[in-house]
Amino acid sequence: MDFISTFSIFVMACFVGYYVVWSVTPALHTPLMAVTNAISSVIIVGALIAAAAGSQADGGQIAKWLGLVGVVLASVNIFGGFAVTERMLAMYKKKERK
Amino acid sequence: MRHALIGVSALLFSTPALAASGEAVNPWVALAYLIAGVLFILALRGLSSPETSRAGNRYGMIGMLIAVVTTLVTHDIASLPEIGVAIAIGGGFGFLMARKIAMTDMPQLVAGFHSLVGMAAVLVGVAAYLNPGAFGILDGAGEILTVSRIELGLGVAIGAITFSGSVIAFLKLNGNMSGAPIMLPARHVINLGVLTAIIGLTGYFSVMPTADSSTIFWVILALAFAIGFLLIIPIGGADMPVVVSMLNSYSGWAAAAMGFTLGNTAMIITGALVGSSGAILSYIMCRAMNRSFISVIAGGFGAESGPADGAEKIDRPWKRGSAEDAAYMMKQAENIIIIPGYGMAVAQAQHALREMADLLEEEGVNVKFAIHPVAGRMPGHMNVLLAEASVDYDKVFELEDINSEFAQADVAFIIGANDVVNPAAKTDKSSPIYGMPVFDVDKAKQVFFIKRSMGGVGYAGVDNEVFYMDQTMMLLSDAKKMCEEIVKAL
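The rules behind the values
Residue numbers run consecutively from 1 along every chain, following the written order of its sequence. Chains carry letters and ligands carry numbers; both start at the beginning, A for chains and 1 for ligands, and go up in the order they are written. Under the rules for a predicted model, residues below a pLDDT of 70 receive no local features and side-chain atom pairs below 80 are neither given nor counted, while totals for whole chains, interfaces and linings still include all residues. With hydrogens and water excluded, all non-hydrogen atoms of the structure serve as input to the side-chain values. Salt bridge, as applied in this entry: a Lys or Arg side-chain nitrogen positioned within 4 Å of an Asp or Glu carboxyl oxygen. Segments assigned H or I by DSSP are reported as helices when at least four residues long, segments assigned E as strands when at least two residues long, and all are numbered from the N terminus. Residue burial is assigned from relative accessible area. The probe radius is 1.4 Å, only protein chains are included, and a residue is buried under 20% of its type maximum, exposed over 50%, and partly exposed in between. In this scheme, patches are assembled from residues that exceed 30% relative accessible area and form no salt bridge. Like charges are connected within 9 Å, while nonpolar side chains (Val, Leu, Ile, Met, Phe, Trp, Tyr) are connected within 5 Å. Here, Shrake-Rupley sampling with a 1.4 Å probe gives the accessible areas, and only protein chains in the shown set may cover a residue. Residues counted as positive are Lys and Arg, residues counted as negative are Asp and Glu, and His and the chain ends are not counted. A charge is said to be at NZ when it belongs to Lys, at CZ for Arg, at CG for Asp and at CD for Glu. Put plainly, a pocket is an open set of points on a 1 Å grid over the protein atoms alone with protein on both sides within 12 Å along at least five of seven lines, a cavity is a set where a 1.4 Å probe fits but cannot get out, and a lining residue has an atom within 4 Å of a point. Grid points are joined across faces, edges and corners, and a volume is the space filled by probe spheres set on the points. Each residue is assigned to one class: nonpolar for Ala, Val, Leu, Ile, Met, Phe, Trp, Tyr, Cys and Pro, charged for Asp, Glu, Lys and Arg, and polar for all the others, Gly among them. In this description, the arc belongs to the directions extending from the helix axis to the C-beta atoms. For the purposes of these results, a polar contact is taken to be a pair of N or O atoms within 3.5 Å, where, inside protein, one atom must be able to donate a hydrogen and its partner to accept one; residues adjacent in sequence count only when each atom of the pair is a side-chain atom. The domain limits used here are those given by an automatic or database domain assignment. Contact definition: two residues touch when any of their heavy atoms are within 4.5 Å. Each of two parts loses accessible area, computed with a 1.4 Å probe, when they are put together; buried area is these two losses added. Helix axes use the C-alpha atoms of the stretch in contact, all axes being lines fitted to C-alpha atoms, and the angles between their N-to-C directions lie in the range 0 to 180 degrees. Should an angle fall under 35 degrees it is called roughly parallel, over 145 degrees roughly antiparallel, and 65 to 115 degrees roughly perpendicular, with every other angle called oblique. For any helix crossing, the convention is left-handed if the near helix is rotated counterclockwise from the far helix by under a right angle, and right-handed if that rotation is clockwise. By convention, a stacked pair of Phe, Tyr or Trp rings (six-membered ring in the case of Trp) has centres within 6.5 Å and planes under 30 degrees apart, an edge-to-face pair has planes over 60 apart, and any other such pair is tilted. For a ring to carry a charge above it, either NZ of a lysine or CZ of an arginine must fall within 6 Å of the ring centroid while also lying within 35 degrees of the normal to the ring plane.

Caption draft 1: Structural context of the pattern of salt bridges. All names here are of chain B. Under the definition given, this model contains twelve salt bridges over all chains. Its salt-bridge partner being R354, residue D358 comes within 2.9 Å of it at the nearest N-O pair. You can see D358 and its partner R354 sitting in helix α16 (residues 350-362), four residues apart, about one turn around the helix. Residue R354 is classed as partly exposed on the basis of its relative accessible area, which comes to 22%. If you follow the salt bridges from partner to partner, you end up with K426, D440, D442 and K443 in one network.

Caption draft 2: Quick look at a negative patch on the surface. Residues and elements named next belong to chain B. On the surface, E324, D325, E355, E484 and E485 cluster together to form a negatively charged patch. For the negative patch, the secondary-structure elements that each account for two or more residues are α14 (323-332) and α20 (479-489). Take E484: it is sitting in helix α20. The class of E484 is partly exposed, set by a relative accessible area of 36%.

Caption draft 3: Molecular detail of the layout of surface pockets. Residues and elements named next belong to chain B. Here the second largest pocket defines a volume of roughly 460 Å³. What lines the second largest pocket is a set of 19 residues, among which I161, L195, L231, Y250 and I297 lie closest to the centre. Of all the elements in the fold, those that place two or more residues in the lining of the second largest pocket are α7 (146-173), α8 (187-207), α10 (240-262) and α12 (293-298). Residue contributions to the lining of the second largest pocket peak at seven residues, all from α8. For the lining of the second largest pocket, the class distribution of residues is 16 nonpolar, two polar and one charged.

Caption draft 4: Inspection of α20(B) at higher detail. Residue and element names in this part refer to chain B. Listed in full, the buried residues belonging to α20 are A479, M482, C483, I486 and V487. For α20, the angular spread of buried residues about the axis comes to 140°, placing them on one side. Where α20 begins, the side chain of D478 points an oxygen toward the backbone nitrogen of K480, at a separation of 3.2 Å.

Caption draft 5: A look at the domain arrangement of chain B. Residues and elements named next belong to chain B. Each assigned domain of chain B is listed with its residue range as follows: domain 1 (2-298) and domain 2 (323-489). Inter-centroid distance (C-alpha atoms) of domain 1 to domain 2 is 38 Å. Taken residue by residue, the interface counts 22 residues in domain 1 and 20 residues in domain 2. Approximately 1,800 Å² of surface area, both sides summed, lies buried where domain 1 meets domain 2, with 70% of it carried by carbon and sulfur atoms. Its largest share of buried area at the contact with domain 2, domain 1 owes to M103, T104 and A288, together 30% of the area lost on that side. Along the contact surface separating domain 1 from domain 2 lie zero salt bridges. If you look at where domain 1 meets domain 2, you find three residue pairs in polar contact (both at pLDDT 80 or more). Elements supplying a minimum of two residues to the side of domain 1 that touches domain 2: α3 (50-74), α5 (106-130), α10 and α11 (265-288). Of the residues in the side of domain 1 that touches domain 2, the class split is 14 nonpolar, five polar and three charged.

Caption draft 6: Molecular detail of the interface of chain B and chain A. Taken together, the contact pairs 115 residues of chain B with 83 residues of chain A. Both sides together, the interface formed by chain B and chain A hides about 8,600 Å², and carbon and sulfur atoms give 76% of it. Scanning the region where chain B abuts chain A turns up three salt bridges. Summed over the shared surface of chain B and chain A, the number is 17 residue pairs in polar contact (both at pLDDT 80 or more). For the side of chain B that touches chain A, the residue count by class is 68 nonpolar, 28 polar and 19 charged.

Caption draft 7: Inspection of the packing of helix α4 (residues 60-91) of chain A against α3(B) at higher detail. Where α4(A) meets α3(B), the closest approach of the two axes is 9 Å, and the angle between their N-to-C directions is 170°. Judged by the angle between their axes, α4(A) and α3(B) are roughly antiparallel. When you trace α4(A) past α3(B), the crossing you get is left-handed. Of α3(B), the residues touching α4(A) (which contributes A:I78, A:F82, A:T85, A:E86, A:L89 and A:A90) are B:S53, B:R54, B:N57, B:R58, B:G60, B:M61 and B:M64. Residues belonging to the contact of α4(A) with α3(B) are distributed by class as follows: six nonpolar, four polar and three charged.

Caption draft 8: Quick peek at empty space enclosed by the protein. The full count for this structure, using the stated rule, is two cavities of 30 Å³ or more. Taken as a whole, the second largest cavity holds about 30 Å³ of empty space. Around the second largest cavity, the lining residues are A:A27, A:Y92, B:N383, B:L386, B:A387, B:V391, B:D392, B:Y393 and B:V396. Take the lining of the second largest cavity: its biggest share by element is three residues, from helix α17 (residues 381-388) of chain B. Taken together, the residues that form the lining of the second largest cavity break down as seven nonpolar, one polar and one charged.

Caption draft 9: Seen up close, the packing of aromatic side chains. In this structure the tally under the stated criterion is 17 aromatic pairs over all chains. Each ring, one from B:F205 and one from B:F217, has its centre 5.5 Å from the other, and the planes form 35°; the classification is tilted. Of the two residues, B:F205 is situated in helix α8 and B:F217 in helix α9 (residues 214-232); the sequence distance between them amounts to twelve residues. Connected via pairs of aromatic rings, a cluster forms that spans A:F3, A:F7, A:F10, B:W253 and B:F260. Sitting over the face of the ring of A:W65, A:K64 holds its NZ or CZ atom 5.6 Å from the ring centroid. Over the ring of B:Y342 we find B:R377, and its NZ or CZ is 3.6 Å from the ring centre.

Put into structure tokens, the structure is as follows:
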């Protein structure tokens, strides 16, 4: 994709983010941070590409290992972030009053 | 130079021929990443209410699965077993952490997670720089595309700042490092100098031949690690909500920069979402302290302890109450508003507090919780703790929704908060917290103030008029112990 198309997506997504985040209830701001943490680990895509590439180029072998470490770090975040969000959200409930 | 300029404009306004990467070719792949991005939007959208939030979280998980699987099936994977092991190690560790972490330690956990996103961004950026062919960012002559170099330079710089800044935030929040601001001489000059150098070098990096650029690349990276460290050490503990939100934002921008390099929609959308989310949270936190973002980031707040009015402080009369007094008077009350603060988290008093509130409700008392946006060490920290103690979220209110009710409240029960109830913010123009929105506890008929001792002052280092009001009774004890004693007395 060329730069202008990707940049357009970026700008639009910033606006979407702006409106969506303002609608998040303040009570859920901590889960919001935890889940944004998890989704920003979509950077794992880049780490996977580096790890998968093997060594055609000079730096390929080093890049592969850096990619694998990146996969580990991003996985900590993905699993940890979603799991901790799930755990927090499960605590927000209305009590049944007897 | 002329050649470089033509190169830049050609890159910006035309589609570079990406021979190495299949992503730009197959519309289904692009569509899959787009769907992942949309699912991430829905994940945040779900958080607009507790009822829809869990479904939102599931959307996020599905989005991530789609992004990962799409990447794996569309690239020639030379090392699937290694990747599987890497995911298992990281995922297992992350999952265990998420299970075991105490809710009071959530700010540290989030700061720690931010540092990992930052580091991952750095690693991806370095890998792309070392093996540009695999990322499809080479031009015909074997040079890294100019626009990709700007993205790479900025991406690793933001990632490195996120990493080192978050590590410092983690150490401060976790108590491995003093929460007090550490002030270097001439730090503003140093910081501005380093930032300018990073931006300047990134510009230089984008125009020089790839083969000669490695020194510059590593210098940018090193400077960015340094600036993240320098930016966060002068910021004190109670400003951490702003810092953690800001680093949250940075981790998003880092992911977006890498998304540009890869031309990956899911990463760009996510980066923009997370970036704006963190920025908005920082803004909300700053507004709740009536301070500008710049003044928080400049740091040093709360470093100088209270001025010379210490002598005057000793003479002021105040009343000390006991758990029995508090229990007796709260039983008689009709409306009670409880104001929790960071002290409640430190003392782990949320469960004892909920027990107290339950007993009072059985006596027919109307109990509500009031939460200031900057209470605790991260946005929404108090809400999570009360939710953990299974306080009904319908009973928990935000500052602007409940502040008018203090006039009708019989009791304001302050547990571990201080600056957020200080009337000096409304009246004393010389006070460092002047203009900060605070709870009108002075309007309540009776105030109970749990505090460990009369000696300490709040984070802002200012005395609190509330201590000396006629209707105030100080309950000097550990917050948890005091709540337990009140429960016994009830």
